[in-house]
Amino acid sequence: MTYLLALDQGTSSSRSIVFDDEGRLVAQAQQELSQIYPQTGWVEHDPEEIWRTQLATARIALANAGLQAHQIRAVGITNQRESTVVWNRKTGRPIHHAIVWQDRRAEPTCVELRKRGLAETIQTKTGLRVDAYFSGTKLKWLLDNVPGARQQAENGELAFGTVDTWLIWHLTGGSVHATDVSNASRTMLFNVHSNQWDAELMQALDIPAALMPEVKPSSAFYGELRADLLGAAIPIGGVAGDQQSALFGQAC
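The following paragraphs examine the structure supplied in this document. (Residues numbered from 1 in each chain as written. Predicted model: local features only at pLDDT ≥ 70, side-chain atom pairs only at ≥ 80, totals over all residues. Heavy atoms only, no water.)

**Remarks on the overall build of the protein**
And step 1. The helix and strand inventory of the protein stands at 10 helices and 13 strands.
And step 2. For 252 residues, the compact-globule estimate of 2.2 N^0.38 gives 18 Å, and the C-alpha radius of gyration of the protein, at 18 Å, lies within 12% of that figure.
And step 3. By principal-axis analysis of the C-alpha atoms, the protein measures approximately 55 × 40 × 35 Å.
And step 4. Classification of the 252 residues of the protein by burial places 54% in the buried group.
And step 5. Taking contacts inside the protein between residues at least 6 apart in sequence as the whole, the part at least 24 apart equals 66%.
And step 6. Element-wise, carbon and sulfur atoms account for 49% of the exposed surface of the protein, whose accessible area totals about 11200 Å².
And step 7. Charge centroids of the protein, computed over 22 positive and 27 negative side chains, lie 2 Å from each other. (Helix = DSSP H or I, 4+ residues; strand = E, 2+ residues; numbered from the N terminus. Rg over C-alpha atoms; globule rule 2.2 N^0.38 Å. Buried < 20%, exposed > 50% of the residue type's maximum accessible area, 1.4 Å probe, protein only. Contact = heavy atoms within 4.5 Å. Areas by Shrake-Rupley, 256 points an atom, 1.4 Å probe, with all protein chains shown as cover. Lys, Arg positive; Asp, Glu negative; His and termini not counted. Charge placed at Lys NZ, Arg CZ, Asp CG, Glu CD.)

This is the structure:
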């Protein structure tokens, strides 16, 4: 029998689920995720805790299913979408807590974009209204406010990602820096007509291109899990943001 392992990294918890080849739930595990509120309107997560809890639940789910890693055909990832992480490419360590999708600290940047007359251009290219909800303005805040971050980014020393990208990086031992179209489309930096990061929007937010992950289809090969994590190398075969994956899963 074929088994699949789903990694579901959400706002309030990390969860892992094992399914059989008929889509039946075999086993699962879940751990809560700490919520950090530095001040009113700000919400953060510890990226290291995201990684620890996601890996722990994967191990527990396999144990609960009575399976070995070599019995898992592929891994899929679904995730909270607009939450933003920046980390050092050499060490894999985040430069700051993740800024969570609800966080409003980037609203002044959005006001500035509207004043510059960019709202219509952004909506035409990305399908999104200018709002602090999306990842692009969160990324700009990190580059502008974490000491040394902008220079390191321009030197190619840093990597940006939503939570899927952060997990893929660690699952593959830092060999893959990628996201899928559903997560990329929530950054306010992705042109949904060309399926590429948009140079004009990147320039508008002063985002160095060296930060950005490769964008792949939701169903694609995203590399293999390091064999030492679960006991065998397993291909990552699919990635999608939580709401898009739920829509697909409900056959909409």
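Following the structure, the description resumes.
**Some words on helix α1 (residues 47-65)**
And step 1. With 19 residues, α1 should cover 27 Å at 1.5 Å per step; its first-to-last C-alpha distance of 27 Å lies within 8% of that length.
And step 2. Sitting at the head of α1, Asp-46 places a side-chain oxygen 2.9 Å from the backbone nitrogen of Glu-48.
And step 3. Following α1 by one or two positions, Gly-66 adopts a phi angle in the positive range, close to 70 degrees. (Expected span 1.5 Å × (residues − 1). Polar contact = N/O pair within 3.5 Å; in protein donor to acceptor, adjacent residues only side chain to side chain.)

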